[in-house]
Amino acid sequence: MAGKVFFSVSMSLDGFIAPESSEDLMGRQWMELQQWIFPQRFFRENLKLGKGGKEGRDNDIVRETFERTGASVMGKRMFDAGEQMWPEEAPFHTPVFVVTHEKRDPWERPGGTTFHFVNDGIETALDQAREAAGDRDVRIAGGGATILEYVNAGLIDEFSIALSPVLFGSGIRLFEGVDAGRMALEPVRAEPTQQVTHLTYAVRER
């Protein structure tokens, strides 16, 4: 049986998931938004940042998200930013399908990550990701515009938000331009920790 299609992001209290400019990624606001995840033991081990780190429910959720993912899909903007920031052994360790207009051969990285470039739409990228994932789930990794395309196309089964106690004021809103009339949400889980509140929703057609 095919797995779910989901996304999982950190979001500020005022609804933003990233700064407007990719040049501001890794800037102060973005680092504050993501500060809950950096100390987690699984995150540190996955990025080979050294031994040690926090254990607990936040760490469990990071690990569970990684383990359920059999393939990822992302947009070109996210790939371009990540190509500059990811270590040589990219942190996905699965096939990644990049939605782009560019024609490019697959890019294989150490550790099991291979980027495949798909230039004929989001549904083709998802079909390829589903096939690669087998019975595991497909994660729509981002960025915000790509997530929104999948949401508005009715292709998301579930999503999780780590609601972080940070205010952005401006940037990329997660649901800016969402077709709210076609989707309904069913709460699955609300789980506060000391750092963030983890919210999970199933997506249904309205």
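Just so we're clear, the structure is a prediction, and the values are computed from it rather than from any experiment.

Section: the overall build of the protein
Working step 1: On a plain count of helices and strands, the protein comes out with six helices and eleven strands.
Working step 2: Its C-alpha radius of gyration of 16 Å places the protein within 12% of the 17 Å reference for a compact globule of 206 residues.
Working step 3: By residue count, 44% of the 206 residues in the protein fall in the buried class.
Working step 4: Within the protein, contacts between residues separated by at least 24 positions form 63% of all contacts whose residues are at least 6 apart in sequence.
Working step 5: With the model as given, the accessible surface of the protein reaches about 10,700 Å², and the carbon-plus-sulfur share is 49%.
Working step 6: Mean positive and mean negative side-chain charge positions of the protein (23 and 32 charges, respectively) differ by 4 Å.

Points about the pairing of strand β10 (residues 183–192)
Successive residues of a regular strand alternate their side chains across the two faces of the sheet.
Working step 1: Summarising the sheet, β10 and strand β11 (residues 197–205) pair through nine bridges and their orientation is antiparallel. Paired with A184 across the strands is R204, a residue of β11.
Working step 2: Taking the residues between adjacent antiparallel strands as the criterion, β10 and β11 are bridged by four residues.

Topic: the packing of aromatic side chains
Working step 1: The full count for this structure, using the stated rule, is 15 aromatic pairs.
Working step 2: Members of the aromatic cluster, each reached through a chain of ring pairs, are F79, W86, F92, W107, F115 and F117.
Working step 3: The ring centre of F6 lies 3.8 Å from the NZ or CZ of R68, which sits over that ring.
Working step 4: The ring centre of W107 lies 5.5 Å from the NZ or CZ of R104, which sits over that ring.

Examining helix α3 (residues 57–68)
Working step 1: The end-to-end C-alpha distance of α3, which contains twelve residues, comes to 16 Å, matching closely the 16 Å that a straight helix rising 1.5 Å per residue would cover.
Working step 2: Among all positions in α3, only D58, N59, I61, V62 and T65 are buried. Axial view of α3: buried residues confined to an arc of 165°, hence all on one face.
Working step 3: Tucked into the core, α3 has its buried residues touching β1 (5–12), α2 (41–46), β3 (69–75), β7 (137–142), β10 and β11.

With respect to the nonpolar core
Working step 1: Formed by 29 residues in total, the largest nonpolar core has its most connected members in F7, V73, V138, I140, Y150, I156 and L174.
Working step 2: At the level of secondary structure, the elements contributing two or more residues to this core comprise β1, β2 (16–18), β3, β4 (95–99), α5 (122–133), β7, α6 (144–152) and β8 (158–164).
Working step 3: Broken down by element, this core gets its largest block of residues, five residues, from α5.
Working step 4: Each residue touching I140, except ones within four places of it in the same chain, is listed here: V5, F6, F7, V73, T146, I147, Y150 and I156.

Scoring rules and cut-offs
- Residues numbered from 1 in each chain as written.
- Predicted model: local features only at pLDDT ≥ 70, side-chain atom pairs only at ≥ 80, totals over all residues.
- Heavy atoms only, no water.
- Helix = DSSP H or I, 4+ residues; strand = E, 2+ residues; numbered from the N terminus.
- Rg over C-alpha atoms; globule rule 2.2 N^0.38 Å.
- Buried < 20%, exposed > 50% of the residue type's maximum accessible area, 1.4 Å probe, protein only.
- Contact = heavy atoms within 4.5 Å.
- Areas by Shrake-Rupley, 256 points an atom, 1.4 Å probe, with all protein chains shown as cover.
- Lys, Arg positive; Asp, Glu negative; His and termini not counted.
- Charge placed at Lys NZ, Arg CZ, Asp CG, Glu CD.
- Pairing = 2+ DSSP bridges.
- Phe/Tyr/Trp six-rings, centres within 6.5 Å; stacked < 30°, edge-to-face > 60°.
- Lys NZ or Arg CZ within 6 Å of the ring centre and 35° of its normal.
- Expected span 1.5 Å × (residues − 1).
- Arc of directions from axis to C-beta.
- Core = buried A, V, L, I, M, F, W, Y, C linked by side-chain atoms within 4.5 Å.

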